[in-house]
Each structure stands twice: as structure tokens, then as C-alpha cells.
Protein chains: 6
Amino acid sequence: MKVTVSRKAHFNAAHRLYRKDWTDDQNENIFGKCANPHYHGHNYELIVHVRGNIDPETGYVMDMKVLKDLIKSEVEEKMDHKNLNEEIVEFSDLIPSAENMAVVIYNWLKPHLDQAHTLSVTLYETPRNYVSYSG
Amino acid sequence: MKVTVSRKAHFNAAHRLYRKDWTDDQNENIFGKCANPHYHGHNYELIVHVRGNIDPETGYVMDMKVLKDLIKSEVEEKMDHKNLNEEIVEFSDLIPSAENMAVVIYNWLKPHLDQAHTLSVTLYETPRNYVSYSG
Amino acid sequence: MKVTVSRKAHFNAAHRLYRKDWTDDQNENIFGKCANPHYHGHNYELIVHVRGNIDPETGYVMDMKVLKDLIKSEVEEKMDHKNLNEEIVEFSDLIPSAENMAVVIYNWLKPHLDQAHTLSVTLYETPRNYVSYSG
Amino acid sequence: MKVTVSRKAHFNAAHRLYRKDWTDDQNENIFGKCANPHYHGHNYELIVHVRGNIDPETGYVMDMKVLKDLIKSEVEEKMDHKNLNEEIVEFSDLIPSAENMAVVIYNWLKPHLDQAHTLSVTLYETPRNYVSYSG
Amino acid sequence: MKVTVSRKAHFNAAHRLYRKDWTDDQNENIFGKCANPHYHGHNYELIVHVRGNIDPETGYVMDMKVLKDLIKSEVEEKMDHKNLNEEIVEFSDLIPSAENMAVVIYNWLKPHLDQAHTLSVTLYETPRNYVSYSG
Amino acid sequence: MKVTVSRKAHFNAAHRLYRKDWTDDQNENIFGKCANPHYHGHNYELIVHVRGNIDPETGYVMDMKVLKDLIKSEVEEKMDHKNLNEEIVEFSDLIPSAENMAVVIYNWLKPHLDQAHTLSVTLYETPRNYVSYSG
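Since the model is a prediction, treat every value here as computed from it, not as a measurement.

Taken together, the contact between chain E and chain D spans 23 residues of the former and 23 residues of the latter. Roughly 1,800 Å² of surface becomes buried between chain E and chain D when both sides are summed, with 50% attributable to carbon and sulfur atoms. A per-residue breakdown of the area chain E buries against chain D is headed by E:His38, E:Asn43 and E:His81, which together make up 32% of the total. In this assembly, chain E and chain D are joined by two salt bridges. For D:Asp80, the salt bridge identified is with E:Lys33, shortest N-O distance 2.6 Å. Between the two partners, chain E and chain D, sit 15 residue pairs in polar contact (both at pLDDT 80 or more). When contributions to the side of chain E that touches chain D are tallied by element, the ones reaching two or more residues are strand S1 (2-15), strand S2 (40-53), strand S3 (82-83), helix H3 (84-87) and strand S4 (118-126) of chain E.

Spelled out as C-alpha cells, the structure:
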């Protein structure tokens, strides 16, 4: 009996989308307002989905409190109120697009989960734009 | 042309998470505040997803009004304003975690659907915690 | 320059609506399913509104982090995962309707605020039912 | 590294559900209030999901601004503030149920996407009813 | 102890905004797409607010179930799945703008309430546009 | 017949909360994570409320399309995808707290409205924190 449990979390951060090897014009051409050198920012809404069997002893796939704390330590404490380009080492050479952020978050969380569990992450950059990644 | 139709419903209930064969300390250790012997409760948001072919005569996979009434008779009338541990026979020996509730709701609904249709259920226990089950 | 700052919080609890001095029939007649002796429960969404002048030094009416912590200590820790009738002394002789809960929460918070600030509370009992109280 | 990017859009429209080859009684029998000859209407919330590899140069599966503009030109400009039965040629002989609308929208968008991308659409007819179609 | 109780409801309807005494050009000039002679439609979200003293016997300002039923009989049954211009007598000579709809709904509900209670209504025409009227 | 019409809008921006005349320690002491010198950011949800009489000719207090365009030109184009501290002249000497932002937005919009109309603005900094200002 495989069930997926999902937990929502929240953080906010500044970022800009640009390539160091491009000129300002090239960056603005491709990334538009998102290339603004002074940065802009978002409230990111994150949903972490963990799929596995129900443990018959507890009725849990995974204790949601443990999942909440894991998201806090592995994602929120790294990203909340941060400048993604300047303060997150993973984005020193990687554009902090929502797509790349979802992959980075997945890679942060995966090693901490039971190997029998599958993981996927959904990341809302705005209420109208979001991305999903399942490894 | 397979389409999934989804219908949201709502009920609220009291429950507690605990095992009768554990001591109070064991229960509190594993289930924390959720083990409170005086019960706590939730507004459960339920989404029922039915997947099948569009009937070319009506343009429907399934009449949403029929689905709404089915959720009402098979889920809401059983669970709404109830104490899950005390008043739902399925939980007399099964912990009413969101995971187990999703399985129970799936099993209540499945026999009433067209056999050609596939079913899955999503159950929000809080706005930040939810589970999904597809049989 | 008076501004209102608002902070959302969340707790869940069990309760029932009934009068000890009424018969079961009277209670069910007036309170319907809400009188269920086995209790039911809700996810309560609380919004606390504080109105006052902007402090020119900080740009704040009130530090939202302080308000968040105040709601946590004065409301969430008292009510979250609790049975309102059985475990909250204010409801030993007061029906825990959303209306009365809003008044109780207001009275818990008011003494902790700057006297120059005005307070109001909004309490969602379900996504479709809510109440507001301003003293 | 396959990621799904999703973009929400909005339009509103009038429609009615009925078959020209049925009597009024047959239509009302099957479609109920939705058969009202004077029409009724909805705010449709549309979510378009595009799945593909992250372009390592931009960090994008697909530029969300391009996707937003595509939804605007291919869906919103055709359907927004329109009568679906009277003004959308696809529904001259097809019942504008949410299911059929999702298929029509999918077929409008698909030819404009990169062939390596997969598409699915989710359409909310009301906050409680929605459908999904993936081709 | 004055408390405001609020109840959300939902209906959907078709309408158009136009004046019979104006030309088509004048109507399109002022009302834009909303003047479409074939109609368009919305999911209307209605919130009804009733303010009064808490009844010490019940803990209620007003029984929410009674308010729910009142909204159903006085508003939903008249407007749901209807064409406002064609089927609601109040709009035979009154433009069914959200503003006028709020006033009409207020006038339908007010006579059914306790005279000691004050009423206001909030009406969402789309998730981004809404109006409020308090008599 | 006074009615309030409300329109939601969206922009996102980077900011930090700090005083130039304070040391880094003082700033971190008062503003916590919000003082981060590398900035952080938010999706701001703005609701603009305009109160006035219904124009009997149009059924409008104010054309919502005009209000939408006004918010776009006076607020979104100035703030969207910007760094509030670095790029908005009003915040060169004013802390861009949500409270101060609401006042600045109010002052930008007020001169463009009919003098008979009253204005208030609600600004969500996160889904859980928001402020309101009415002049």
C-alpha cells in the first residue's frame, strides 16, 4: 500500500538570473527583468513529496514532524532570507532558476530519506509559476 | 482520450493517534501531541480523482454531480463531525493517520465506480500536510 | 500614520457544542452534529490584527516576529492539539463556539500589547465559516 | 534531468451543456442546471504543464514568459469573455464540458511546443471541480 | 460583545454589461469585452457578514447553519447557473455589475435577519476583483 | 449607496531592512535575518480598495480595468523585479518595511483617483504577514 505524503514549507530569498560569461545585453535579452543586477526576490512555497509503504505499526509512511524538521534544517536554514547567487555555494556557477533550485533541493533532501522512499519536490516561485522534479 | 476528473469535498472530525498495546509514554514518544487522550481534530479537505475515457455522448468522464453525491454518502456522512477512533468501525483497530484514512476512503469509494475507471484520493489533514493514495 | 499589521497562525483542536444544563435532545436540537458527545474537530486559522502608528526608527508598527512569538506562546501552545472543552479552563463553563473562542483569544493577547495599539482577531473555524472580534 | 514547469492562467466564459439532437427534457435530465438555455458561466483557472530537460545554458525547461504569452494568444484570447457554444468553432458540434475543453486546449497548445516536450493541462471549472488531460 | 460572523458561498452565472439605450459601439467603448452580446460568465464567491451580540445561551451571534440555508434559499437558488440579465428580474433594468449585484444580494438578505444585526456582503467576481457593500 | 471595489495585483522585489546610521550588530539585533546585507526578497500581493458611490449610468464605482492599469503603471512598473533599497527613490532614506511600502503605494495612487473616492491598500509580504493603510 504505497502512499505519498506531502509537506509544504516556505522561504524567501533574493536572486537574479544571468550568466557571467554573457554581456549585460545578452543577459537582459534572455532573462529580461530577471537579470536585474540589483536582484529581485520571491516567497518560495516548497512542497516535498515522499512515497513509500505505510508502516503498519505507526500508520505513517514517514513521521511528518521528522519531514518538517528535515526541510527546515536542509532547505529553509540554507535558503531563507538569503541571496541565492551570493550565499548558496551550489549557485556560484549555476543559474538559480526555479528548475535548478528544485534539483538542488532534491539533492539536499534525498540522502536523508529511507532508501525505499521515492522523493519529488514542487517549488512555487510565484503563485502562478511552479516546477516539479522527481530525480 | 483519458481524462482525470477531480472533485473537492470537506469534512471535519476528531481523532487521536495511539496504539492500545503501547503505554502512554510510548504513544507520546512516537505520536507527540497527536496522542493526546482527549483528542484533537482537523478540517479534512478531500480530493477524489477519477480517470477514464470521455463519454462522447455527454462529454463527461463521469457526472460530477454523481461523484459529489457519492462522496457525500460514502465519506462525508460517515466521517463528518465524528470521532474517528470512537465512531468509525474501520479505525477500531487501525490508527486513523491521514495515510490510513486515505486507504479507507479509497476502499469505500472504489466499489461504486465504473470498473473501467481508476481512482485516487488526496487528503489534506492541515493546509500544510496531505497524502495521496491510488490503490 | 496608522497602519494595521496582520499575522496568520494555525492550530487544530477538538471540541463539541453543548450545554451541561440541557438534555441531549435539547443540545442536538440546537447544535446539531456539533453536539456529538464524542467530539469533532477543526483546523483553526487565526489572524491577529494590530493597529498603531509606524515607529519612524524601525518602520514597524510592531515587530512581526514578536507578534508571531506572542501568538505562539499565548494561543497556539494553549490550544493546539487540545480538546477545548476538557483542557481549556476558559471553556469549562463557556461554549467553545468560534465566537466565544475569538473573545477568549482577544483577552489572552490584549494585555501583552502596547496600550496605544488596538487589537482585533479573525478566526476561521472552517474555510467557509469565520468570525471577527475587536474588543 | 527532466523537470515539469507549470504556469497558471485565467479566463471566464459562458456555456451550456446540451445536445442539439436531444429534447429539452432529455437535456435537463442529463445535464441538470447546466443545460439552462440562457447559459451560465465560470471563471476558468488553467494550469499548463510542460515537461522536458533543463537547458544547461539558461537553467530553463522553457522560458515561462514565452509560455505565458503562448497561453495568452492560443487560449485566453480565444476563450476569455466568450460564449463557448456560440463563439468557439470547436464547440459547434462538441459539448463544452470541462473534459472536452481540456482536450481542445491541449490540441491548441501542442503544435507550438518543442517536440521533445510533453504537455498536460489542468482546468478548474469551479474551485471544487477540475479535470486533467495529458494527450 | 459584538462579533461578526462570516459565511462563504458560491454560485456561477452568465451576464453581460450593457445599456439598452446605448449603441453597440457605446457599450463596447465603456464595457469592453464585458459587453459581449453572447454573454460571458463567472464563478461568484460570496461572503455574508452578520454582526451582533453573542447570545450567552448558545455562544452564537447567529446559527451558521441558518445563515447557510438563508444564503442558499435567498441567493444561490435565484442566481446559480442563471443568466443574470435574462432571468433575474432585478436586472431587467439594472446593469448586473458586481457592485449592483452586491446591493441586490444585500436587499434580498436583510429582511430575513434579526433587526439588531448589521449585514454586509462581499462578492468576488474573479479571484482578483471583488466588491463590498454594507447598506 | 457606497460600495468598495477591490483589485488584486502582484509584484516581486528584493529588499533589506536596516538603518545606515546603525552598526551591523544593531541592525541584526533589531531586524534579524531581514537585515542580511546581500538582500532577500518577496512576492508581494497587493490589494487596492476604492470606496465610492455607484455611478448609476455604468453600475461601476470605478472601472476595474482603469484601476488595474493604474496599479500597473503606478506600482508594478516601479517595483516589480526591483531592489527596493537601491532602485526606488522613496526608500533611499526610508526603511522598506511592509508598513512603509503600504504608505508609499497609497501616496502614489491617491492623486490619480477621483477626489470623492476613499482609498486603502493591503499589502501581503508573505502569505502569513500583511499590512493595511487607509491614509
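Next up on the list: the packing of helix H2 (residues 64-79) of chain A against helix H4 (residues 98-109) of chain A. Residue and element names in this part refer to chain A. Direction vectors running N to C along H2 and H4 enclose 135°, while the axes themselves pass 10 Å from each other. What the angle tells us is that H2 and H4 run oblique. Our pair here, H2 against H4, has a crossing hand that is right-handed. In contact with Leu 70, Ile 71, Glu 74, Val 75, Lys 78 and Met 79 of H2, H4 contributes Met 101, Ile 105, Trp 108 and Leu 109. Within the contact of H2 with H4, the residues separate by chemical class into eight nonpolar, no polar and two charged.

The two copies are related by a screw operation: chain A maps onto chain F through 180° of rotation and 0.0 Å of translation along the axis, at an RMSD of 0.0 Å. Taken together, the rotation and translation describe the operation of a two-fold axis. Of the residues that chain A buries at the interface, 100% are likewise interface residues in chain F, meaning the two copies contact each other through the same surface.

All names here are of chain A. Under the criterion given, the structure shown has 24 salt bridges over all chains. Between Lys 65 and Asp 63 there is a salt bridge whose closest N-O contact spans 3.7 Å. Exposure remark for Lys 65: the relative accessible area of 43% places this residue in the partly exposed category. For Asp 63, a relative accessible area of 18% translates into the label buried.

Between chain E and chain D, which share one sequence, the superposing operator has a rotation angle of 180° and an axial displacement of 0.0 Å; the RMSD is 0.0 Å. Both copies contact each other with a shared surface, as 100% of the interface residues of chain E are interface residues in chain D too.

Locating C:Ser97 in the fold gives a position in the loop between helix H3 (84-87) and helix H4 (98-109). Those residues within four positions of C:Ser97 in sequence are excluded, and the remaining contacts are C:Leu17, E:Gly59 and E:Tyr60. Within polar-contact distance, the side chain of C:Ser97 engages the backbone nitrogen of C:Asn100 at 3.2 Å. At 2.6 Å, the side chain of C:Ser97 forms a polar contact with the backbone oxygen of E:Gly59.

Chain A puts 23 residues into the contact, and the matching count from chain F is 23 residues. Counting each side, the surface lost to burial between chain A and chain F is near 1,700 Å², with a carbon and sulfur contribution of 50%. It is A:His38, A:Asn43 and A:His81 that lose the most area in chain A upon contact with chain F, and together they represent 33% of the buried surface on that side. Connecting chain A to chain F are 15 residue pairs in polar contact (both at pLDDT 80 or more). When contributions to the side of chain A that touches chain F are tallied by element, the ones reaching two or more residues are strand S1 (2-15), strand S2 (40-53), strand S3 (82-83), helix H3 (84-87) and strand S4 (118-126) of chain A. With five residues, S2(A) is the single largest residue contributor to the side of chain A that touches chain F. By residue class, the composition of the side of chain A that touches chain F is five nonpolar, 11 polar and seven charged.

Now for unusual backbone geometry. Non-glycine residue C:His81 carries a positive phi angle of around 60°. On the secondary structure map, C:His81 appears in the loop between helix H2 (64-79) and strand S3 (82-83).

Turning next to the packing of aromatic side chains. With the rule as written, the count across this model stands at 30 aromatic pairs over all chains. Aromatic side chains A:Phe31 and D:Tyr60 sit 5.6 Å apart centroid to centroid with 75° between the ring planes, which places their arrangement in the edge-to-face category. With A:Phe31 in helix H1 (residues 24-31) and D:Tyr60 in the loop between strand S2 (40-53) and helix H2 (64-79), this pair bridges two chains. Ring centres 5.0 Å apart and planes at 75° place the aromatic pair B:Tyr106 and B:Tyr133 in the edge-to-face group. Linking B:Tyr106 in helix H4 (residues 98-109) with B:Tyr133 in strand S5 (residues 129-133), this pair joins segments that are 27 residues apart in sequence.

Rules used throughout
Residues numbered from 1 in each chain as written. Chains lettered and ligands numbered in written order. Predicted model: local features only at pLDDT ≥ 70, side-chain atom pairs only at ≥ 80, totals over all residues. Heavy atoms only, no water. Contact = heavy atoms within 4.5 Å. Buried area = accessible area lost by both parts, 1.4 Å probe. Salt bridge = Lys/Arg side-chain N within 4 Å of Asp/Glu carboxyl O. Polar contact = N/O pair within 3.5 Å; in protein donor to acceptor, adjacent residues only side chain to side chain. Helix = DSSP H or I, 4+ residues; strand = E, 2+ residues; numbered from the N terminus. Axes fitted to C-alpha atoms, helices over the stretch in contact; angles between N-to-C directions. Parallel < 35°, antiparallel > 145°, perpendicular 65-115°, else oblique. Left-handed = near helix turned anticlockwise from the far one by under 90°. Nonpolar A, V, L, I, M, F, W, Y, C, P; charged D, E, K, R; others polar. Least-squares fit on C-alpha atoms with pLDDT ≥ 70 in both. Buried < 20%, exposed > 50% of the residue type's maximum accessible area, 1.4 Å probe, protein only. Phe/Tyr/Trp six-rings, centres within 6.5 Å; stacked < 30°, edge-to-face > 60°.

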